[in-house]
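Topology and contacts: notes
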Amino acid sequence: MRIGVVVHGPYIVDSGYAFSIINFLKEYGEVRALLGGTMGRTAVHDAHLEHLIDISTKRLPSESLDKFQEEECDVVFLINSGKSNVTGHAFGYKVFKKSKTKPSLIQIERPGEFDGSVIPWRKSLRPLAREIAIKMGLKVVTPDIIMKEIFVSGTDCTHKSTVKGSKTYRKLVGVSPGENIFVNGIVIGKSTQEEVILVADNGIITEMNGGEIKPHGVEKLGKIDINKAVVKTGLLRRSSVDPRIVKYRDFKGKYKVSFLNHAAEDIYRLKGSDMVVTVGDDTTLVAADILYRFDVPIIGITDGDVDQVVESGFKSSGSMIIELESGWDDIIGARIFSELFKGIETIEIDDIENFKKELLQLIDNTAAQYYIKETEIIGV
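1. A look at the overall build of the protein
Of the regular secondary structure elements, the protein holds eleven helices and 23 strands. The 380 residues of the protein split such that 53% are buried. A sequence separation of at least 24 residues applies to 62% of the contacts in the protein between residues at least 6 apart. Element-wise, carbon and sulfur atoms account for 49% of the exposed surface of the protein, whose accessible area totals about 16700 Å².

Okay, here's the thing in structure tokens:
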């Protein structure tokens, strides 16, 4: 058989199950694996698995399903390890539903856990799913059982939205109290209950039933289509690992300095930079942690409103964190982008230290108060 494997999230990689499942499936035919998600790419990098799992292109899981269908795979496997079986099953349902091609899909969810399962999303795949479940010591869960799990009193709990007038309500599944709520990569609040409902009025999130809104995060997010937004809860990466550092930069007489103001963007495209200026606490934390793998220092423009978005984080030597008064990070970031970068994402400079001095002088010329928080490699 021609087999496609969509690997989702960092934990399935960090746990070692992505590697073992892909090799196990080679018993059934030719296997090709793709990965989705920024922190998942970091996990693949740390595990030295780029030769086994393709991380060259950033895709949504549903887009990876469709790509394998275009390549005429006989069966596609979605392997994932959600926080619970309910969240994992709901995730698989959502991905399959969002897929345009509806391929022959089998999901392997939470392998190694007491509630680990194999889900044949097409009835014709049940014999193969049953055989794989027996070999892996998992149970088969059919889509009809999942429907009963995730539909409560007629309400779809799989992130589907309902509309009432100008307001759209999106209910989240599998949330625990005290978790960050990410929308399109930005922390917009924190849960206080297990049931969380986001409320958007004309595309702007205005309420979080079962949670507390972070106004600065909502402001940074701006107007969105809550139906299409990528919503995540908890930590982006909950494993503690030893980062794999690769010297990627190739100095050619000029230093490349890049600008980043959104953690949801493709940070990996900046791994060849000599330095990256990041704006916002969460963006700085995530970007610093990823770019540490490629020995790229950052200048972080923050205001001290940081959320724990990864279990542990790192910064390359030579990094500098500038903490401003609340609300000033975006203002200063916009001025840096306009005046130092001239509206261009990546510029070339002659001297890194002179660039730092120019950046600090720019801040000095404003009314913002700041202090330099960190300058060396630090585990967060």
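2. What about the nonpolar core?
Within the largest apolar cluster, 32 residues are counted, with the highest numbers of intra-cluster contacts made by Val5, Val7, Val13, Leu25, Ile53 and Phe77. Elements that contribute at least two residues to this core include exactly strand 1 (2–8), helix 1 (11–14), helix 2 (17–25), strand 2 (30–36), helix 3 (38–46), strand 4 (75–80), strand 5 (105–109) and helix 6 (126–136). One finds Val279, Ile322, Leu324 and Ile352 within the second-largest nonpolar core, a separate group that totals 23 residues.

3. Quick notes on the pattern of salt bridges
For the structure shown, the criterion picks out 18 salt bridges. A salt bridge links Arg293 to Asp289; its shortest N-O distance comes to 3.1 Å. Using a relative accessible area of 2% as the deciding quantity, one classes Arg293 as buried. Salt bridges sharing partners connect three or more residues here, namely Arg32, Asp54, Lys67 and Glu71.

4. Here we look at the sheet that holds strand 16 (residues 211–213)
Sheet architecture is open: four strands sit in the order 16-13-12-17, paired in antiparallel fashion. For this open sheet the edge positions go to strand 16 and strand 17 (231–233), each flanked by a neighbour on one side alone. If you compare each strand with its neighbour and ignore which way they point, the axes differ by 30° on average.

5. Section: unusual backbone geometry
A positive phi angle, close to 50°, is found at Arg110, a residue other than glycine. Within the secondary structure, Arg110 is located in the loop between strand 5 and strand 6 (117–120). Residue class for Arg110 comes out buried when judged on its relative accessible area of 9%. The residue Asn202 is not glycine, and still its phi comes out positive at about 55°. Relative to the elements of secondary structure, Asn202 occurs in the loop between strand 14 (196–201) and strand 15 (204–209).

6. Things to note about the pairing of strand 14
Most of strand 14 sits out of view: five of its six residues are buried. Looking at chain direction, strand 11 (residues 167–172) and strand 14 are connected through six bridges and run antiparallel. When the bridges of strand 14 are listed, Arg170 appears paired with Leu198. Here strand 14 runs beside strand 15; their pairing, made up of five bridges, is antiparallel. Counterpart to Val199 in the pairing with strand 15 is Glu207. With antiparallel pairing between neighbouring strands as the criterion, strand 14 and strand 15 make up a hairpin whose turn holds two residues, including Asn202 at a positive phi of roughly 55°.

Calculation notes
- Within each chain, residues carry numbers counting from 1 in the order of the written sequence.
- Residues qualify for local features only when their pLDDT is at least 70, as the model is predicted, and side-chain atom pairs are given and counted only at 80 or more; totals for whole chains, interfaces and linings, by contrast, use all residues.
- To obtain the side-chain values, all non-hydrogen atoms of the structure were used and water was disregarded.
- Secondary structure elements are taken from DSSP: a helix is a run of H or I of four residues or more, a strand is a run of E of two residues or more, and numbering for both begins at the N terminus.
- For each residue, the accessible area found with a 1.4 Å probe, counting protein chains only, is set against the maximum for its type, and the residue is called buried under 20%, exposed over 50%, and partly exposed in between.
- What makes two residues a contact is simply this: any of their non-hydrogen atoms within 4.5 Å.
- Areas reported as accessible are Shrake-Rupley estimates using a 1.4 Å probe. Residue values count occlusion only from the protein chains shown.
- For the purposes of this section, nonpolar cores are sets of buried Ala, Val, Leu, Ile, Met, Phe, Trp, Tyr and Cys residues that join through side-chain atoms within 4.5 Å.
- Between Lys or Arg on one side and Asp or Glu on the other, a salt bridge is scored when a side-chain nitrogen of the former is within 4 Å of a carboxyl oxygen of the latter.
- One requirement defines pairing of two strands: DSSP has to find at least two bridges between them.
- Think of each axis as a best-fit line through the C-alpha atoms, taken over the contacting stretch in the case of a helix, with angles from 0 to 180 degrees between the N-to-C directions.

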